[in-house]
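Now for the letters of each chain:
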Amino acid sequence: MREKILYVLGIVALLILAWNINAIARLPEETQQGVTFKIIFFHVPMWAAAMTAACAALLASVGFLVTKNFRFDAAAVAVTEVGLAFTTVGLVTGSIWGREIWGIWWTWDARLTSALVCWLLYAGYLMLRKAIEEPTQRATFAAVFSIFAFIDVPIVVFSIKWWRTQHPQPVFWAGGSFPPDWTTHFLWNMVAMLLFGIVMVAVRLRQEEAQREIDSLRRTAHAQ
Amino acid sequence: MNVISLVAQLVSDAERLQHQYEFLSYGLTAAWVILVIYVLMMVARERKLKREIASLRAMLEERR
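Remember, it's a predicted structure, so these values are computed and weren't measured experimentally. Counting of residues starts from 1 at the beginning of each chain's written sequence and follows it residue by residue. Lettering of chains starts at A and numbering of ligands starts at 1, both following the order in which they are written. Whole-chain, interface and lining totals are the exception, using all residues; otherwise, since this is a predicted model, local features are given only for residues with pLDDT of at least 70 and side-chain atom pairs are given and counted only at 80 or more. Water and hydrogen atoms were dropped before computing side-chain values, which therefore reflect all heavy atoms in the structure.

A. Summary view of the overall build of chain B. Helix and strand definitions follow DSSP, with helices as H or I runs of at least four residues and strands as E runs of at least two, each counted in order from the N terminus. A tally of helices and strands in chain B yields 1 helix and 0 strands. For a compact globule of 64 residues, the expected C-alpha radius of gyration is about 11 Å, and chain B comes in at 28 Å, more than 25% above that figure. When its C-alpha atoms are laid out on the principal axes, chain B stretches across 95 × 10 × 5 Å. Burial status across chain B gives 27% buried among its 64 residues. Residue-level accessible areas treat just the shown protein chains as cover; the underlying method is Shrake-Rupley with a 1.4 Å probe. Within the structure as shown, chain B displays about 4,800 Å² of accessible surface, and the carbon and sulfur contribution to it stands at 66%. The charge count treats Lys and Arg as positive and Asp and Glu as negative. His and the chain ends do not count. Note on charges: their place is set at NZ of Lys, CZ of Arg, CG of Asp or CD of Glu. Charge centroids of chain B, computed over 9 positive and 7 negative side chains, lie 14 Å from each other. Here the globule rule is a power law, 2.2 Å times the number of residues to the power 0.38, and the radius of gyration is based on C-alpha atoms. Per-residue accessibility, obtained with a 1.4 Å probe over protein chains only, is compared with the maximum for each type, and a residue is labelled buried under 20%, exposed over 50%, and partly exposed between these values.

So, in structure tokens, the structure goes:
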């Protein structure tokens, strides 16, 4: 039953995305940036999903350190991995947009640099997990590292407010706005990305459960 | 003269639009390719875990 719900949610997310690509393609050009601007419809929802995943990873890591319950550890690794995939897409789509609008693939401004540091930190989190064999030690070290890594998340989000950056100012919380039909498509993409993220996290959580079952079976085999 | 400049303007607009669509398609393709690769990695990991559980269970059954 749980699997069927996941498949249905995944298909709904993909259908929304596919329908939205068609709808976004029909929207008129933006006056300054032309059609390249439409990358924002994927770039921003990816980052929103990635930052949501980072917040969830922080909560799960704190949850593990407080309760020592391994379900929190599984949740932390699941959301971090999915969040890292979204962060990768956010960085790549942003870079492609920058190449067309700025004429460069990359610049070391505060937003881009903090975003890259965020990617490196969460990639480091996953590498750290691979490096430690003992489960309790692995979960504890990883939780502490995840809390440390979260320090970068507000820097990524607010860097464009705190410093003068080449990255554009936010459209929605700096007085700017979209035409209403653009906002609708943007929000649908946001919903689809979050839905897709939830499905991926649920699948990844199931894999962590399977990994725990394997560990337990191995211990039983070793004891016999 | 006016017709020539109008045609030149239209050609330049068409070229600009084509260039921009090219970059928009790169962005969309990159986004989908990365997500599809990640989904395929998840599917491969799922299969590997299922195989491992099945083989461990079979081994434990044999020992009993």
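Moving on from the model shown.
B. Looking closely at the interface of chain A and chain B. Should any heavy atoms of two residues lie within 4.5 Å, those residues are counted as being in contact. On the side of chain B, 29 residues touch chain A, which itself brings 40 residues to the contact. What gets called buried area is simply the loss in accessible area from a 1.4 Å probe that two parts show on being joined, summed for both. Taken together, the two surfaces of chain A and chain B that pack against each other cover about 3,200 Å², and 70% of this comes from carbon and sulfur. In terms of surface lost to chain B, no three residues of chain A exceed Val35(A), Gln207(A) and Leu217(A), which account for 17% of the buried area on that side. Salt bridges are identified by distance alone: a Lys or Arg side-chain nitrogen within 4 Å of an Asp or Glu carboxyl oxygen. Inspection of the chain A/chain B interface yields 4 salt bridges. Across the salt bridge formed by Glu46(B) and Arg206(A), the nearest N and O atoms sit 2.6 Å from each other. Any pair of N or O atoms that falls within 3.5 Å is considered a polar contact. Within protein, one atom must be able to donate a hydrogen and the other to accept it, and sequence-neighbouring residues count only if both atoms are side-chain atoms. Remark: the boundary between chain A and chain B carries 12 residue pairs in polar contact (both at pLDDT 80 or more). Secondary-structure elements contributing two or more residues to the side of chain A that touches chain B are helix H1 (2–26), helix H2 (40–67), helix H3 (70–101) and helix H7 (180–223) of chain A. With 14 residues, the single largest contributor to the side of chain A that touches chain B is H7(A).

C. Local environment of a nonpolar patch on the surface. All names here are of chain A. A cluster of nonpolar residues, Tyr7, Ile11 and Leu15, forms a patch on the protein surface that exposes about 350 Å² of accessible area. Along the chain, leucine 15 turns up in helix H1. On the accessibility criterion, leucine 15 (55% relative accessible area) is exposed. Candidates for patches are residues over 30% relative accessible area with no salt bridge; among them, like charges are joined within 9 Å and nonpolar side chains (Val, Leu, Ile, Met, Phe, Trp, Tyr) within 5 Å.

D. A look at the pattern of salt bridges. Here the structure, examined in full by the defined rule, presents 8 salt bridges over all chains. As a salt-bridge pair, Glu3(A) and Arg206(A) come within 3.2 Å of each other at their nearest N and O atoms. Of the two residues, Glu3(A) is situated in helix H1 and Arg206(A) in helix H7; the sequence distance between them amounts to 203 residues. The salt bridge partner of Arg218(A) is Glu52(B), with a shortest N-O separation of 2.2 Å. You can see Arg218(A) sitting in helix H7 and its partner Glu52(B) sitting in helix H1 (residues 2–63), one on each of two chains.

E. Representation of the nonpolar core. What makes a nonpolar core is a set of buried Ala, Val, Leu, Ile, Met, Phe, Trp, Tyr and Cys residues whose side-chain atoms join them at distances within 4.5 Å. Within the largest apolar cluster, 60 residues are counted, with the highest numbers of intra-cluster contacts made by Phe41(A), Phe86(A) and Tyr122(A). Those elements that provide at least two residues to this core are H1, H2, H3, helix H4 (110–131), helix H5 (135–150), helix H6 (152–162) and H7 of chain A together with H1 of chain B. In terms of residues, this core owes the most to one element, H2(A), which gives 13 residues. Residue contacts for Phe86(A): discarding those within four places in its chain leaves Met46(A), Ala49(A), Ala50(A), Met193(A), Phe196(A), Gly197(A) and Leu35(B).

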